[in-house]
Amino acid sequence: MIITTKGTRRLRRAAAVAVTSGALFATGALSAIPAQAATAPAITAKSGFLMNSATGKTLFSKAGSTHRLTASTTKIMTAKVVLSQSNLNLDAKVTIKQAYSNYIVSAGASSAHLIVGDKVTVRQLLYGMLLPSGCDAAMALADMYGSGSTVSARTKNFIAKMNTTARSLGLTNTHFDSFDGISKGSNHSTARDLTVLARSAMKSSTFKAVVKTKSYRAKTITKTGATRTMGTWTNTNTLLGWNGTLGIKTGSGTQAKYCLVFAATKNGESVVGAVLTDSSAASRTTDVKKLVNYGYARIS
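Below is a short write-up of the structure. (Residues numbered from 1 in each chain as written. Predicted model: local features only at pLDDT ≥ 70, side-chain atom pairs only at ≥ 80, totals over all residues. Heavy atoms only, no water.)

Here's the deal with the overall build of the protein
- Scanning the protein from terminus to terminus reveals 9 helices and 11 strands.
- Within the span of the protein, comprising 300 residues, buried residues form 48% of the whole.
- Across the protein, contacts joining residues at least 24 apart in sequence account for 61% of those joining residues at least 6 apart.
- As displayed, the protein has an accessible area near 14,000 Å², and 54% of this comes from carbon and sulfur atoms. (Helix = DSSP H or I, 4+ residues; strand = E, 2+ residues; numbered from the N terminus. Buried < 20%, exposed > 50% of the residue type's maximum accessible area, 1.4 Å probe, protein only. Contact = heavy atoms within 4.5 Å. Areas by Shrake-Rupley, 256 points an atom, 1.4 Å probe, with all protein chains shown as cover.)

Brief notes about the sheet that holds strand 1 (residues 47-52)
- Within the open sheet, the 5 strands sit side by side as 2-1-11-10-9. Their pairing is antiparallel. Every other strand in the sheet has two partners, leaving strand 2 (58-62) and strand 9 (245-253) as the edge strands with one partner each. Between one strand and the next, the sheet's axes are offset by a mean angle of 5 degrees, whatever the strand orientation.
- Both strand 9 and strand 10 (residues 257-266) contribute to a ladder of 7 bridges, which runs antiparallel. Residue pairing for strand 10: G253 is matched across the bridge by K257.
- Contacts between helix 9 (residues 281-299) and the sheet are confined to strand 1, strand 2, strand 9, strand 10 and strand 11 (269-278), with strand 11 contributing the most and set at about 150 degrees to the helix. (Pairing = 2+ DSSP bridges. Axes fitted to C-alpha atoms, helices over the stretch in contact; angles between N-to-C directions.)

Some remarks on unusual backbone geometry
- Between G247 and I248 the backbone carries a cis peptide bond, its omega angle lying at 20 degrees.
- One non-glycine residue, K257, lies in positive phi territory at about 60 degrees.

As for the environment of M202
- Counting through the fold element by element, M202 comes out in the loop between helix 7 (191-201) and helix 8 (205-211).
- Given the relative accessible area of 13%, M202 is considered buried.
- For the pair formed by M202 and I76, sequence separation is 126 residues and the distance between their alpha carbons is 9.8 Å.
- The residues contacting M202, other than those within four sequence positions of it, are F207, K208, V211, L246, I248 and A263.

Topic: the side chain of N237
- Here N237 shows up in the loop between strand 8 (233-234) and strand 9.
- We classify N237 as buried; its relative accessible area is 5%.
- In this structure the side chain of N237 is engaged in a polar contact, spanning 3.1 Å, whose partner is the backbone nitrogen of L239. (Polar contact = N/O pair within 3.5 Å; in protein donor to acceptor, adjacent residues only side chain to side chain.)

What to know about the pairing of strand 11
- Taken across its 10 residues, strand 11 has 10 buried, putting it largely inside the fold.
- In terms of strand pairing, strand 1 meets strand 11 through 6 bridges, oriented antiparallel. Across the sheet, L50 pairs through a bridge with G273, a residue of strand 11.
- Here strand 10 runs beside strand 11; their pairing, made up of 8 bridges, is antiparallel. Each residue of the ladder has a partner; that of L260, found in strand 11, is V275.
- Between strand 10 and strand 11, which pair antiparallel and follow one another directly, the connecting turn spans 2 residues, one of which, N267, has a positive phi of 50 degrees.

Overview of helix 7
- Most of helix 7 sits out of view: 9 of its 11 residues are buried.
- All of the buried residues in helix 7 are A191, D193, L194, T195, V196, L197, A198, S200 and A201.

Remember that the coordinates give geometry; whether it matters functionally is a separate question.
Right, here's the structure in full:
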């Protein structure tokens, strides 16, 4: 093949352009890689899911629809049902019963250390349930908002309301058998379903205010009418405040391992997601950080 002098010049110019373009890409002089090209992170949790809070678009999924134990992330639904009550009075007082204390002891459950006979408001019980993950607070709320003539009947009815709410939200892979995540054998959900639930729950200003709180001290009313200042309830979610993280709920258990349903907002970009069955608290934290950063990169 014969190449003319003019053709040679064109080839040299094309080569020069290619080299220059490569150098620009290497130094980042051209536009950044599109957000959708961000590399999906590797996480150690058996299941993970991430969603754009604003649009509901899926950003990441790893076994997102696989049934997993939910541990105390179940309490998100407990709060959702309470906050969905018509004519809800957050300042209504609930008297702490011996049955709640007995349950905590028998189940070896996490506690807000509520004192039998004290009157505690519904708002305070939400803090007690969602910050230190008090199963006694969860039981008090289930007893308050369930129907029936006994504590057992009322808490059972409340759990039925949790499942009704799950169906109304389209959580087809979710079933609750407890108000606190201590499973009776059929308490399960998925990373996707919990993310959808969390996105819905975060629309409540009360829920959002509670889950982003790092610590809280309740003032309750004793049997004698005196005011009792409870010990500080500290949020089990140590990621609060990191890179815009503003919730939502941790969970852990022998079988469930380590779980976290999370939400974060930064520079107008909002993500919500979940990691389930992680190997350790440290891995859970690492996984969530990866997903939050990845979510921001995908949205921007």
